[in-house]
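The primary structure of each chain is shown beneath.
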Amino acid sequence: MNTKSIIVTIAAAGLFWAGCSSNEENKETEKKAATVEAPAAPTTFALAKGAMHTELKVPSELTAYREVDIYAKVNSYVKSLGVDVGSEVKQGQVLATLEAPELVQQLASSMSKYKAQQAIYEQSNATYERIIDASKTPGTISKNDVDIASAKRNSDLAQMQSAKADYEANRTITQYLTIRAPFDGVISARNVNLGAYIGPAGKGSELPIFTLQEQRHLRLVVEIPEAYKGFIKLNDVVKFSVKAFPDQVFSAKIARRAGVMDKTLRSEHIELDVLNNDLKLSPGMVAEAVIGLDADANAFVVPKHAVVNSTEGVFMIEDSANIAKRVPVRIGRATDSLAEVFGASLKENAHYVAKGSEEIKNGASIGH
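Remember, predicted model here, so these are calculated numbers, not experimental data.

Definitions and limits used
Numbers given for residues are sequential positions, taken from 1 along each chain in its written order. Reporting of local features is limited, given that this is a predicted model, to residues whose pLDDT is at least 70; pairs of side-chain atoms are given and counted only at 80 or more, and all residues count toward the totals for whole chains, interfaces and linings. Each side-chain value is derived from all of the structure's non-hydrogen atoms; neither hydrogens nor water enter the calculation. Per the convention used, a helix needs a DSSP run of H or I reaching at least four residues, while a strand needs a run of E reaching at least two, with both numbered from the N terminus. Residue exposure (1.4 Å probe, protein chains only): buried if accessible area is under 20% of the type maximum, exposed if over 50%, otherwise partly exposed. Contacts: residue pairs with any heavy atoms within 4.5 Å of one another. Surface accessibility in these figures is a Shrake-Rupley result with a 1.4 Å probe; residues are shielded only by whichever protein chains are displayed. We define a salt bridge as a contact between a side-chain nitrogen of Lys or Arg and a carboxyl oxygen of Asp or Glu at a distance within 4 Å. For this analysis, a nonpolar core means a set of buried residues of the types Ala, Val, Leu, Ile, Met, Phe, Trp, Tyr and Cys, connected via side-chain atoms within 4.5 Å. Identification of polar contacts relies on pairs of N or O atoms within 3.5 Å, with a donor-acceptor requirement for protein atoms, meaning one able to donate a hydrogen and the other able to accept it, and with residues adjacent in sequence counted only if both atoms are side-chain atoms. Any two strands between which DSSP finds at least two bridges are classified as paired. Each axis is a line fitted through C-alpha atoms, and for a helix only the stretch in contact is used; angles between axes span 0 to 180 degrees, taken between their N-to-C directions.

Below, the discussion takes up the overall build of the chain. Helix and strand content of the chain: 3 helices and 23 strands. Looking at the chain residue by residue over its 368 residues, the buried ones come to 31%. A fraction of 76% describes how many contacts in the chain between residues 6 or more apart in sequence connect residues 24 or more apart. Element-wise, carbon and sulfur atoms account for 53% of the exposed surface of the chain, whose accessible area totals about 22700 Å².

This brings us to the pattern of salt bridges. Applying the stated criterion to the full structure yields 16 salt bridges. The partner of Glu-271 in a salt bridge is Arg-219, with the nearest N and O atoms 2.6 Å apart. Note that Glu-271 is positioned in strand β15 (residues 267-275) and Arg-219 in strand β12 (residues 217-225), a separation of 52 residues in sequence. Lys-233 is the salt-bridge partner of Asp-236, the closest N and O atoms lying 3.9 Å from each other. One salt-bridge network, held together by shared partners, links Arg-219, Arg-256, Glu-271 and Asp-273.

For the rest of this paragraph, the subject is the nonpolar core. Membership of the largest hydrophobic core comes to 24 residues, with the highest contact counts inside it found for Leu-62, Val-222, Phe-240 and Leu-281. Sorting the residues of this core by element identifies β3 (54-64), β12, β13 (237-242), β14 (245-261), β15 and β16 (286-293) as the ones contributing at least two each. Contact partners of Leu-281, with chain neighbours within four places excluded, come to Leu-62, Leu-218, Phe-240, Val-242, Phe-250, Val-274 and Asn-276. In this structure, Val-74, Val-89, Leu-103 and Ile-179 belong to the second largest nonpolar core, which totals 21 residues.

A polar side-chain atom of Arg-219 sits 2.6 Å from a polar atom in the side chain of Glu-271. Leave out the neighbours within four places in its chain, and Arg-219 touches Glu-61, Leu-62, Thr-63, Ala-64, Tyr-65, Arg-256, Glu-271 and Leu-272.

Looking now at the sheet that holds β12. Strand pairing in a sheet relies on backbone hydrogen bonds, with the paired strands running either antiparallel or parallel. Reading around the barrel, the 6 strands line up as β3-β12-β15-β14-β13-β16 and close back on themselves, with antiparallel pairing between neighbours. The mean angle between the axes of side-by-side strands here comes to 40°, regardless of whether they run parallel or antiparallel. Pairing between β12 and β15: 9 bridges, direction antiparallel. Bridge pairing links Pro-225 to Ser-267 in β15.

Position of Leu-220 among the secondary structure elements: in strand β12. When the C-alpha atoms of Leu-220 and Pro-283 are compared, they prove to be 9.2 Å apart, with 63 residues separating the residues in sequence. When sequence neighbours within four positions are dropped, the list of residues in contact with Leu-220 reads Ser-60, Glu-61, Leu-62, Phe-240, Ile-270, Glu-271, Leu-272, Val-274 and Ala-287.

A separate point is unusual backbone geometry. At Asn-235, a position not held by glycine, the phi torsion is positive, near 75°. Of note, Asn-235 is situated in the loop between β12 and β13. Phi at Asn-349 is positive, roughly 75°, even though this residue is not glycine. Turning to its location among the elements, Asn-349 is positioned in the loop between β22 (338-342) and β23 (351-353).

Our focus in this paragraph is the sheet that holds β22. Strand order in the open sheet made by the 4 strands is β2-β17-β22-β21, with antiparallel pairing throughout. Two strands lie at the open edges of the sheet, namely β2 (49-50) and β21 (330-334), each paired on one side alone.

Have a look at this one:
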(Lines give C-alpha, C1' and ligand atoms only; values in the text may rest on other atoms or scores of the structure.)
Protein backbone atom coordinates (compact mmCIF):
# COMPACT_ATOMS: atom_id res chain seq x y z
CA MET A 1 0.00 0.00 0.00
CA ASN A 2 1.55 3.28 -1.01
CA THR A 3 1.57 6.49 1.03
CA LYS A 4 -1.36 8.03 -0.86
CA SER A 5 -3.59 5.07 -0.11
CA ILE A 6 -2.73 5.22 3.60
CA ILE A 7 -3.70 8.93 3.81
CA VAL A 8 -7.05 8.27 2.09
CA THR A 9 -7.79 5.40 4.47
CA ILE A 10 -7.04 7.52 7.59
CA ALA A 11 -9.24 10.40 6.36
CA ALA A 12 -12.16 8.05 5.71
CA ALA A 13 -11.83 6.58 9.21
CA GLY A 14 -11.83 10.08 10.77
CA LEU A 15 -14.99 11.04 8.95
CA PHE A 16 -16.66 7.82 10.11
CA TRP A 17 -15.88 8.40 13.77
CA ALA A 18 -16.88 12.09 13.58
CA GLY A 19 -20.25 11.09 12.18
CA CYS A 20 -20.75 8.55 14.94
CA SER A 21 -19.85 11.11 17.63
CA SER A 22 -22.23 13.70 16.17
CA ASN A 23 -25.07 11.18 16.11
CA GLU A 24 -24.47 10.31 19.76
CA GLU A 25 -24.46 14.01 20.80
CA ASN A 26 -27.72 14.66 18.97
CA LYS A 27 -29.32 11.68 20.68
CA GLU A 28 -28.10 12.94 24.08
CA THR A 29 -29.49 16.45 23.44
CA GLU A 30 -32.84 15.02 22.37
CA LYS A 31 -32.89 12.87 25.48
CA LYS A 32 -32.25 15.88 27.75
CA ALA A 33 -34.88 17.97 25.97
CA ALA A 34 -37.38 15.22 26.48
CA THR A 35 -36.73 15.20 30.20
CA VAL A 36 -37.25 19.06 30.69
CA GLU A 37 -40.43 19.62 32.62
CA ALA A 38 -43.13 22.03 31.49
CA PRO A 39 -43.13 25.51 33.15
CA ALA A 40 -44.63 25.48 36.65
CA ALA A 41 -48.05 27.07 37.06
CA PRO A 42 -48.00 30.56 38.66
CA THR A 43 -48.73 30.72 42.39
CA THR A 44 -51.98 32.50 43.22
CA PHE A 45 -53.57 33.95 46.34
CA ALA A 46 -57.07 34.94 47.43
CA LEU A 47 -57.58 38.71 47.54
CA ALA A 48 -58.55 39.98 51.00
CA LYS A 49 -58.69 43.26 52.89
CA GLY A 50 -56.31 43.91 55.75
CA ALA A 51 -54.47 46.51 57.84
CA MET A 52 -50.88 47.33 57.07
CA HIS A 53 -48.40 49.18 59.28
CA THR A 54 -45.83 51.41 57.64
CA GLU A 55 -43.52 54.15 58.86
CA LEU A 56 -42.91 57.59 57.42
CA LYS A 57 -39.52 59.20 58.03
CA VAL A 58 -39.50 62.96 57.56
CA PRO A 59 -37.07 65.72 58.55
CA SER A 60 -38.32 68.02 61.29
CA GLU A 61 -37.11 70.87 63.49
CA LEU A 62 -37.18 71.65 67.20
CA THR A 63 -38.23 75.18 68.11
CA ALA A 64 -38.84 76.97 71.38
CA TYR A 65 -42.41 76.71 72.63
CA ARG A 66 -42.35 80.48 73.17
CA GLU A 67 -39.76 82.92 71.87
CA VAL A 68 -39.67 86.70 71.97
CA ASP A 69 -37.31 89.49 70.99
CA ILE A 70 -37.28 92.10 73.74
CA TYR A 71 -36.92 95.73 72.65
CA ALA A 72 -36.99 98.95 74.61
CA LYS A 73 -40.35 100.69 74.59
CA VAL A 74 -38.82 104.19 74.66
CA ASN A 75 -35.58 105.78 73.53
CA SER A 76 -33.15 105.48 76.42
CA TYR A 77 -29.72 104.34 77.61
CA VAL A 78 -28.81 101.04 79.25
CA LYS A 79 -28.21 101.66 82.94
CA SER A 80 -27.71 98.08 84.14
CA LEU A 81 -27.90 94.51 82.86
CA GLY A 82 -29.04 91.76 85.19
CA VAL A 83 -28.69 88.75 82.88
CA ASP A 84 -26.53 87.44 80.07
CA VAL A 85 -26.60 84.71 77.43
CA GLY A 86 -27.56 81.40 79.01
CA SER A 87 -29.22 82.94 82.07
CA GLU A 88 -32.35 81.10 83.13
CA VAL A 89 -34.97 83.61 84.24
CA LYS A 90 -38.42 83.61 85.83
CA GLN A 91 -41.48 85.54 84.72
CA GLY A 92 -41.35 89.14 86.03
CA GLN A 93 -37.61 89.02 86.78
CA VAL A 94 -35.73 92.26 86.05
CA LEU A 95 -33.50 91.81 83.02
CA ALA A 96 -32.23 95.36 82.61
CA THR A 97 -32.85 98.92 83.75
CA LEU A 98 -32.76 101.93 81.46
CA GLU A 99 -32.48 105.66 82.00
CA ALA A 100 -34.09 108.55 80.15
CA PRO A 101 -33.75 111.91 81.98
CA GLU A 102 -36.28 113.67 79.75
CA LEU A 103 -38.95 111.11 80.69
CA VAL A 104 -38.29 111.70 84.38
CA GLN A 105 -38.68 115.45 83.80
CA GLN A 106 -41.93 114.91 81.90
CA LEU A 107 -43.24 112.81 84.76
CA ALA A 108 -42.34 115.48 87.33
CA SER A 109 -43.93 118.22 85.19
CA SER A 110 -47.14 116.26 84.67
CA MET A 111 -47.35 115.50 88.38
CA SER A 112 -47.03 119.22 89.19
CA LYS A 113 -49.80 120.10 86.76
CA TYR A 114 -52.00 117.44 88.22
CA LYS A 115 -51.45 118.69 91.77
CA ALA A 116 -52.15 122.28 90.67
CA GLN A 117 -55.40 121.33 88.92
CA GLN A 118 -56.39 119.26 91.93
CA ALA A 119 -55.99 122.32 94.17
CA ILE A 120 -58.01 124.50 91.78
CA TYR A 121 -60.79 121.95 91.66
CA GLU A 122 -60.90 121.62 95.45
CA GLN A 123 -61.23 125.40 95.72
CA SER A 124 -64.01 125.69 93.13
CA ASN A 125 -65.80 122.72 94.65
CA ALA A 126 -65.67 124.32 98.11
CA THR A 127 -66.99 127.61 96.66
CA TYR A 128 -69.83 125.77 94.97
CA GLU A 129 -70.82 124.00 98.18
CA ARG A 130 -70.84 127.30 100.15
CA ILE A 131 -73.03 128.92 97.52
CA ILE A 132 -75.43 125.99 97.64
CA ASP A 133 -75.66 126.27 101.44
CA ALA A 134 -76.29 130.04 101.21
CA SER A 135 -78.91 129.63 98.48
CA LYS A 136 -81.05 127.66 100.88
CA THR A 137 -81.98 131.02 102.47
CA PRO A 138 -84.46 132.66 100.11
CA GLY A 139 -83.24 135.88 98.46
CA THR A 140 -79.57 135.56 99.41
CA ILE A 141 -78.08 133.91 96.25
CA SER A 142 -79.48 134.18 92.76
CA LYS A 143 -79.93 131.08 90.62
CA ASN A 144 -77.48 132.53 88.08
CA ASP A 145 -74.70 132.62 90.68
CA VAL A 146 -75.39 128.96 91.52
CA ASP A 147 -75.15 128.01 87.85
CA ILE A 148 -71.86 129.89 87.42
CA ALA A 149 -70.34 128.19 90.47
CA SER A 150 -71.49 124.78 89.21
CA ALA A 151 -70.02 125.36 85.74
CA LYS A 152 -66.70 126.50 87.25
CA ARG A 153 -66.53 123.41 89.45
CA ASN A 154 -67.28 121.09 86.52
CA SER A 155 -64.67 122.78 84.32
CA ASP A 156 -62.00 122.51 87.01
CA LEU A 157 -62.92 118.85 87.56
CA ALA A 158 -62.46 118.11 83.85
CA GLN A 159 -59.07 119.84 83.77
CA MET A 160 -57.97 117.96 86.88
CA GLN A 161 -58.96 114.64 85.31
CA SER A 162 -57.07 115.53 82.14
CA ALA A 163 -53.97 116.40 84.13
CA LYS A 164 -54.29 113.17 86.08
CA ALA A 165 -54.53 111.14 82.85
CA ASP A 166 -51.42 112.85 81.49
CA TYR A 167 -49.58 112.10 84.73
CA GLU A 168 -50.63 108.43 84.67
CA ALA A 169 -49.49 108.11 81.05
CA ASN A 170 -46.05 109.52 81.87
CA ARG A 171 -45.80 107.29 84.95
CA THR A 172 -46.61 104.25 82.81
CA ILE A 173 -43.95 105.19 80.25
CA THR A 174 -41.30 105.48 82.94
CA GLN A 175 -42.17 101.96 84.06
CA TYR A 176 -40.91 100.79 80.66
CA LEU A 177 -37.44 101.77 81.82
CA THR A 178 -37.40 98.50 83.75
CA ILE A 179 -37.23 95.48 81.41
CA ARG A 180 -38.82 92.33 82.86
CA ALA A 181 -39.11 88.75 81.60
CA PRO A 182 -42.58 88.08 80.12
CA PHE A 183 -42.30 84.32 80.88
CA ASP A 184 -39.93 81.69 82.25
CA GLY A 185 -37.10 80.88 79.88
CA VAL A 186 -33.47 81.16 78.90
CA ILE A 187 -31.72 84.22 77.48
CA SER A 188 -30.39 83.04 74.12
CA ALA A 189 -29.06 86.39 72.84
CA ARG A 190 -27.87 89.72 74.26
CA ASN A 191 -27.09 92.54 71.85
CA VAL A 192 -26.34 95.58 74.05
CA ASN A 193 -23.80 96.73 76.62
CA LEU A 194 -23.91 99.25 79.45
CA GLY A 195 -24.45 102.80 78.23
CA ALA A 196 -25.79 101.76 74.83
CA TYR A 197 -28.45 103.94 73.24
CA ILE A 198 -31.54 101.87 72.47
CA GLY A 199 -35.13 102.32 71.46
CA PRO A 200 -38.12 100.65 69.80
CA ALA A 201 -37.46 98.40 66.81
CA GLY A 202 -36.23 100.54 63.93
CA LYS A 203 -36.01 103.67 66.11
CA GLY A 204 -32.70 103.31 67.85
CA SER A 205 -32.13 99.56 67.80
CA GLU A 206 -31.87 97.26 64.82
CA LEU A 207 -31.36 94.30 67.16
CA PRO A 208 -33.36 93.46 70.30
CA ILE A 209 -31.89 93.89 73.76
CA PHE A 210 -32.46 90.20 74.52
CA THR A 211 -33.96 87.13 72.92
CA LEU A 212 -35.85 84.98 75.42
CA GLN A 213 -36.80 81.37 74.70
CA GLU A 214 -38.81 78.89 76.68
CA GLN A 215 -36.56 75.82 76.44
CA ARG A 216 -38.04 73.42 78.98
CA HIS A 217 -41.00 73.06 76.64
CA LEU A 218 -40.26 72.70 72.93
CA ARG A 219 -42.19 72.22 69.71
CA LEU A 220 -41.29 69.58 67.14
CA VAL A 221 -42.42 70.97 63.79
CA VAL A 222 -43.14 68.45 61.03
CA GLU A 223 -44.49 68.88 57.49
CA ILE A 224 -46.62 65.87 56.48
CA PRO A 225 -46.92 65.15 52.72
CA GLU A 226 -50.44 65.33 51.34
CA ALA A 227 -50.58 61.58 50.60
CA TYR A 228 -50.29 60.75 54.32
CA LYS A 229 -52.70 63.34 55.72
CA GLY A 230 -55.42 60.74 56.34
CA PHE A 231 -53.19 58.62 58.56
CA ILE A 232 -52.35 61.40 61.08
CA LYS A 233 -54.40 61.86 64.25
CA LEU A 234 -54.06 64.10 67.29
CA ASN A 235 -52.28 62.48 70.26
CA ASP A 236 -50.46 59.97 68.01
CA VAL A 237 -47.02 59.21 69.44
CA VAL A 238 -44.12 60.10 67.16
CA LYS A 239 -40.54 59.00 67.72
CA PHE A 240 -37.62 61.17 66.69
CA SER A 241 -33.86 61.37 66.93
CA VAL A 242 -31.26 64.13 66.66
CA LYS A 243 -27.67 64.09 65.46
CA ALA A 244 -26.35 65.25 68.83
CA PHE A 245 -27.59 62.00 70.46
CA PRO A 246 -27.66 59.40 67.67
CA ASP A 247 -28.05 56.48 70.09
CA GLN A 248 -31.13 57.91 71.81
CA VAL A 249 -34.75 57.92 70.65
CA PHE A 250 -37.15 60.59 71.91
CA SER A 251 -40.92 60.61 71.67
CA ALA A 252 -43.74 63.16 71.71
CA LYS A 253 -47.45 63.38 70.92
CA ILE A 254 -49.09 65.31 68.10
CA ALA A 255 -50.62 68.33 69.82
CA ARG A 256 -51.64 70.62 66.95
CA ARG A 257 -52.26 70.34 63.22
CA ALA A 258 -52.95 73.08 60.70
CA GLY A 259 -55.70 71.18 58.89
CA VAL A 260 -54.81 72.77 55.53
CA MET A 261 -52.22 72.09 52.84
CA ASP A 262 -49.32 74.44 52.34
CA LYS A 263 -49.67 75.79 48.79
CA THR A 264 -45.94 75.54 48.09
CA LEU A 265 -44.97 72.24 49.69
CA ARG A 266 -48.40 70.54 49.49
CA SER A 267 -47.95 69.38 53.05
CA GLU A 268 -49.73 69.83 56.37
CA HIS A 269 -48.02 71.57 59.26
CA ILE A 270 -48.19 69.64 62.54
CA GLU A 271 -46.61 70.35 65.94
CA LEU A 272 -45.69 68.08 68.82
CA ASP A 273 -45.08 69.16 72.42
CA VAL A 274 -41.69 68.01 73.72
CA LEU A 275 -40.88 68.19 77.43
CA ASN A 276 -37.24 69.17 77.90
CA ASN A 277 -36.78 69.59 81.65
CA ASP A 278 -33.14 68.48 81.49
CA LEU A 279 -32.43 71.01 78.70
CA LYS A 280 -30.81 68.21 76.71
CA LEU A 281 -32.47 69.29 73.49
CA SER A 282 -32.17 72.77 72.04
CA PRO A 283 -34.28 74.96 69.76
CA GLY A 284 -32.97 74.87 66.22
CA MET A 285 -31.96 71.19 66.27
CA VAL A 286 -32.80 69.21 63.14
CA ALA A 287 -34.52 65.92 63.91
CA GLU A 288 -35.68 62.87 61.98
CA ALA A 289 -39.25 62.00 62.90
CA VAL A 290 -40.57 58.47 62.44
CA ILE A 291 -44.36 58.43 62.19
CA GLY A 292 -46.27 55.16 62.31
CA LEU A 293 -48.97 54.99 59.67
CA ASP A 294 -51.84 52.71 60.62
CA ALA A 295 -55.20 52.50 58.87
CA ASP A 296 -58.42 50.55 59.23
CA ALA A 297 -58.64 47.22 57.41
CA ASN A 298 -60.46 48.72 54.42
CA ALA A 299 -57.83 48.29 51.70
CA PHE A 300 -56.68 45.24 49.78
CA VAL A 301 -53.21 44.15 50.92
CA VAL A 302 -51.31 42.01 48.40
CA PRO A 303 -47.75 40.72 47.84
CA LYS A 304 -45.72 43.52 46.36
CA HIS A 305 -44.62 41.41 43.36
CA ALA A 306 -48.24 40.77 42.43
CA VAL A 307 -48.45 44.34 41.09
CA VAL A 308 -46.97 44.86 37.64
CA ASN A 309 -45.86 48.40 36.80
CA SER A 310 -45.24 48.51 33.07
CA THR A 311 -45.53 50.82 30.12
CA GLU A 312 -48.99 49.37 29.57
CA GLY A 313 -50.14 50.49 33.01
CA VAL A 314 -50.26 49.25 36.58
CA PHE A 315 -52.19 46.01 36.93
CA MET A 316 -52.60 42.68 38.66
CA ILE A 317 -53.36 39.38 36.95
CA GLU A 318 -56.59 37.65 37.95
CA ASP A 319 -56.87 33.89 37.61
CA SER A 320 -60.32 33.68 36.02
CA ALA A 321 -61.03 29.96 35.47
CA ASN A 322 -57.36 29.36 34.58
CA ILE A 323 -57.44 32.28 32.13
CA ALA A 324 -55.29 35.38 32.78
CA LYS A 325 -57.13 38.69 33.10
CA ARG A 326 -55.28 41.95 33.69
CA VAL A 327 -56.99 44.15 36.28
CA PRO A 328 -55.96 47.87 36.55
CA VAL A 329 -55.06 48.96 40.09
CA ARG A 330 -53.73 51.97 41.99
CA ILE A 331 -50.96 51.50 44.55
CA GLY A 332 -51.21 52.97 48.04
CA ARG A 333 -48.61 52.46 50.74
CA ALA A 334 -45.97 49.79 50.29
CA THR A 335 -43.35 47.92 52.31
CA ASP A 336 -40.57 45.64 51.14
CA SER A 337 -43.02 42.75 50.73
CA LEU A 338 -46.58 44.12 50.78
CA ALA A 339 -48.59 46.83 49.05
CA GLU A 340 -52.02 48.40 49.33
CA VAL A 341 -54.00 48.34 46.09
CA PHE A 342 -57.25 49.97 45.01
CA GLY A 343 -59.37 49.39 41.95
CA ALA A 344 -63.02 49.21 40.98
CA SER A 345 -62.50 45.87 39.22
CA LEU A 346 -60.85 44.11 42.16
CA LYS A 347 -62.89 41.25 43.59
CA GLU A 348 -62.57 40.14 47.18
CA ASN A 349 -61.74 36.41 47.53
CA ALA A 350 -60.90 36.14 43.82
CA HIS A 351 -57.52 34.59 43.00
CA TYR A 352 -54.64 36.62 41.61
CA VAL A 353 -51.14 35.72 40.49
CA ALA A 354 -48.66 36.27 43.35
CA LYS A 355 -45.78 37.17 41.04
CA GLY A 356 -47.08 39.06 38.06
CA SER A 357 -45.25 39.58 34.79
CA GLU A 358 -45.69 41.49 31.55
CA GLU A 359 -45.21 38.18 29.76
CA ILE A 360 -48.59 36.92 31.02
CA LYS A 361 -50.97 38.37 28.46
CA ASN A 362 -54.73 38.77 28.65
CA GLY A 363 -56.45 35.50 27.80
CA ALA A 364 -53.33 33.39 28.35
CA SER A 365 -53.80 30.01 29.98
CA ILE A 366 -52.75 29.67 33.62
CA GLY A 367 -52.09 25.96 34.19
CA HIS A 368 -52.53 24.27 37.57
